[in-house]
Amino acid sequence: MVMRTNLLLLFFVLLVINSFAQDKLAIGQWRSHLPYVVGQWVTQSDDKVYYATDWSVISFDKAEMSVDFLSTVEGLSNTGIRMIRYVDGSDILIIVYNNSVIDLVKSDGIFTLNQIRNFQGIVGEKLIYDIDVVNDSTVYLATNYGVSKLNIRTNRFTFTTFTGVDTRSVRTFEGHLYIATDDGIYRTPENNPIIADITTWEELGQQQGFPPVYSSNSMTVFQDHLYFTINDTLFRAQEDKLEKIRFEPGFDIQFLSSEGAHLLVGYRCVSGCARGKILYYNTDGSSGALALDCVGIPNYAIEDAQGRVWIADQFREFRMVNSVTDPVCNLIPINSPFSHFSREMTVYKNQ
């Protein structure tokens with residue numbers, strides 16, 4: 001097991017060193033040497049895994065494990081990446097920045113959307129918390145002002161519902177649009193003709209089995225059930241029935257992910273422990289934990305078609321386990337600066 005991990009480390013070190021030892025740049029060209037240390041977010045296509053850092057995106061080919069880099073040098077509009085999401089069937093990578101600007105990376109170029117940042121009707125900071133991919137052209141954005149529907153092929157916003165409260169997550173489920181907010185969970189039929197009016201939405205409360213006062217920050221759909229958080233406890237619902245799944249004392253739920261054969265639940269410690277954890281759930285309801293030494297402060301994780309779990313973590317280096325039960329953590333180091341705080345440089349022995 002140790003040998004397998006060491007070979008993987010050696011492979012990536014040699015691969016990246018070789019990529020930096022290419023021909024000299026022509027006049028007017030630049031090559032970036034950005035920090036590839038912390039994974040802010042992770043997403044996937046059929047053949048690639050994409051990790052976001054604060055400054056850029058790095059992709060790994062799932063079969064060959066070759067590496068590509070995407071930064072402002074290659075055409076991105078900003079730095080300070082908040083999250084990324086690949087849209088299946090469209091070949092479009094969505095990049096969301098901390099200033100609410102969105103880049104759509106398409107086969108024919110990179111298209112920058114400034115509508116949210118430039119909208120004068122929203123006072124103060126504008127943040128995007130979550131993306132729900134409906135199909136190959138439509139996504140919903142959960143934001144601190146509400147929820148917006150975006151057509152990623154036409155680059156146009158279809159509608160925005162202002163909720164008056166931070167909207168942390170959004171999902172479509174059984175013909176309804178659900179949002180998780182600091183004031184609870186709301187829903188409305190997707191075909192609501194006045195969907196932009198939040199007063200037409202239904203607030204899920206005691207009548208549906210919810211607490212009288214609660215908040216929710218994550219939701220996802222897994223095996224035909226809607227999973228969501230209520231005050232950092234995991235629940236699921238189907239046909240208006242509410243079922244408590246799990247509460248982890250001392251931990252807050254950071255994310256829910258359901259792209260593979262398992263539901264992944266990421267936890268961060270809030271009571272003095274050093275590490276978070278990622279739990280997985282099987283279709284029969286049984287559960288377990290990913291390799292403990294592969295999880296530090298988890299940001300997000302995805303499971304691919306081969307059962308490998310790719311983890312974006314605040315601890316150093318990109319991480320991957322070959323299955324949810326594999327105890328070996330594969331660290332993927334990239335030969336890059338430790339951080340962006342560089343103040344001096346010199347040349348010594350042609351280096």
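Below you will find a few notes about this structure. (Residues numbered from 1 in each chain as written. Predicted model: local features only at pLDDT ≥ 70, side-chain atom pairs only at ≥ 80, totals over all residues. Heavy atoms only, no water.)

Regarding the sheet that holds strand β6 (residues 92-97)
Then comes step 1: Pairing is antiparallel in the open sheet, where 4 strands are placed in the order β5-β6-β7-β8. In this open sheet, the two edge strands, each paired with only one partner strand, are β5 (81-87) and β8 (109-113). Between one strand axis and the next, the sheet turns by 20° as a mean value, whatever way the strands run.
Then comes step 2: Of the pairings in the sheet, the one linking strand β7 (residues 102-106) to β8 comprises 5 bridges and is antiparallel in character. (Pairing = 2+ DSSP bridges. Helix = DSSP H or I, 4+ residues; strand = E, 2+ residues; numbered from the N terminus. Axes fitted to C-alpha atoms, helices over the stretch in contact; angles between N-to-C directions.)

A short note on the sheet that holds strand β26 (residues 309-313)
Then comes step 1: The strand order β25-β26-β27-β28 describes an open sheet built from 4 strands, whose pairing is antiparallel. Each having just a single partner strand, β25 (298-303) and β28 (330-332) make up the two edges of the open sheet. Each strand axis lies, on average, 25° off the axis of its neighbour in the sheet, ignoring direction.
Then comes step 2: Here β25 runs beside β26; their pairing, made up of 5 bridges, is antiparallel. Note on β26: the bridge partner recorded for Tyr 300 is Ala 312.

A look at the pairing of strand β4 (residues 67-70)
Side-chain positions along a regular strand alternate between the two faces of the sheet.
Then comes step 1: As defined by bridge partners, strand β3 (residues 57-61) adjoins β4 across 4 bridges and the pair is classed as antiparallel. Within β4, the position partnered with Val 57 by the bridge is Leu 70.
Then comes step 2: With antiparallel pairing between neighbouring strands as the criterion, β3 and β4 make up a hairpin whose turn holds 5 residues, including Met 65 at a positive phi of roughly 60°.

Section: the environment of Ile 334
Then comes step 1: Assignment of secondary structure puts Ile 334 in the segment after β28.
Then comes step 2: Expressed as a C-alpha distance, the spacing of Ile 334 and Ile 58, which sit 276 residues apart in the sequence, is 9.8 Å.

Section: the pattern of salt bridges
Then comes step 1: This model, assessed by the stated rule, comprises 11 salt bridges.
Then comes step 2: Here Arg 246 and Glu 248 are joined by a salt bridge, their closest N and O atoms 2.5 Å apart.
Then comes step 3: Residue Arg 246 is classed as partly exposed on the basis of its relative accessible area, which comes to 28%.
Then comes step 4: The partner of Glu 248 in a salt bridge is Lys 277, with the nearest N and O atoms 2.4 Å apart. Separated by 29 residues along the polypeptide, Glu 248 in the loop between β20 (241-247) and β21 (251-257) and Lys 277 in strand β23 (residues 277-281) bring together distant segments of the chain. Accessibility classification places Glu 248 together with Lys 277 in one group, the buried group.
Then comes step 5: A single salt-bridge network, built from bridges that share partners, covers Asp 130, Asp 132 and Arg 171. (Salt bridge = Lys/Arg side-chain N within 4 Å of Asp/Glu carboxyl O. Buried < 20%, exposed > 50% of the residue type's maximum accessible area, 1.4 Å probe, protein only.)

Description of the side chain of Ser 59
Then comes step 1: Summarising the element assignment, Ser 59 is placed in strand β3.
Then comes step 2: Using a relative accessible area of 6% as the deciding quantity, one classes Ser 59 as buried.
Then comes step 3: Ser 59 has contacts with Lys 48, Val 49, Tyr 50, Ser 66, Val 67 and Asp 68, leaving out every residue within four places of it along the chain. (Contact = heavy atoms within 4.5 Å.)

A look at the side chain of Ser 169
Then comes step 1: Within the fold, Ser 169 resides in strand β13 (residues 167-173).
Then comes step 2: For Ser 169, a relative accessible area of 2% puts it in the buried group.
Then comes step 3: Polar contacts involving the side chain of Ser 169 include one to the side chain of Asp 130, which spans 2.6 Å.
Then comes step 4: At 3.3 Å, the side chain of Ser 169 forms a polar contact with the backbone nitrogen of Met 219.
Then comes step 5: For Ser 169, the residues in contact, after removing those within four places along its chain, are Asp 130, Ala 142, Tyr 178, Ile 179, Ala 180, Asn 217, Ser 218 and Met 219. (Polar contact = N/O pair within 3.5 Å; in protein donor to acceptor, adjacent residues only side chain to side chain.)

Focus on the packing of aromatic side chains
Here the distance between the centres and the angle between the planes together describe a pair of aromatic rings.
Then comes step 1: On inspection of all chains with the given rule, the structure shows 14 aromatic pairs.
Then comes step 2: Aromatic side chains Tyr 145 and Phe 162 sit 5.8 Å apart centroid to centroid with 45° between the ring planes, which places their arrangement in the tilted category. With a gap of 17 residues between them, Tyr 145 in the loop between β10 (138-143) and β11 (146-151) and Phe 162 in strand β12 (residues 156-162) connect regions that are remote in the sequence.
Then comes step 3: According to the relative accessible area criterion, Tyr 145 is buried, its value standing at 9%.
Then comes step 4: The structure contains a cluster of three or more aromatic residues connected by ring pairs, namely Trp 41, Phe 255 and Tyr 300.
Then comes step 5: The cationic tip of Lys 106 hangs over the ring face of Phe 111; the distance from NZ or CZ to the ring centre is 5.0 Å.
Then comes step 6: The side chain of Arg 168 reaches across the aromatic face of Tyr 129, ending 4.6 Å from its centre. (Phe/Tyr/Trp six-rings, centres within 6.5 Å; stacked < 30°, edge-to-face > 60°. Lys NZ or Arg CZ within 6 Å of the ring centre and 35° of its normal.)

Bear in mind that shape data such as this cannot, by itself, settle questions of function.
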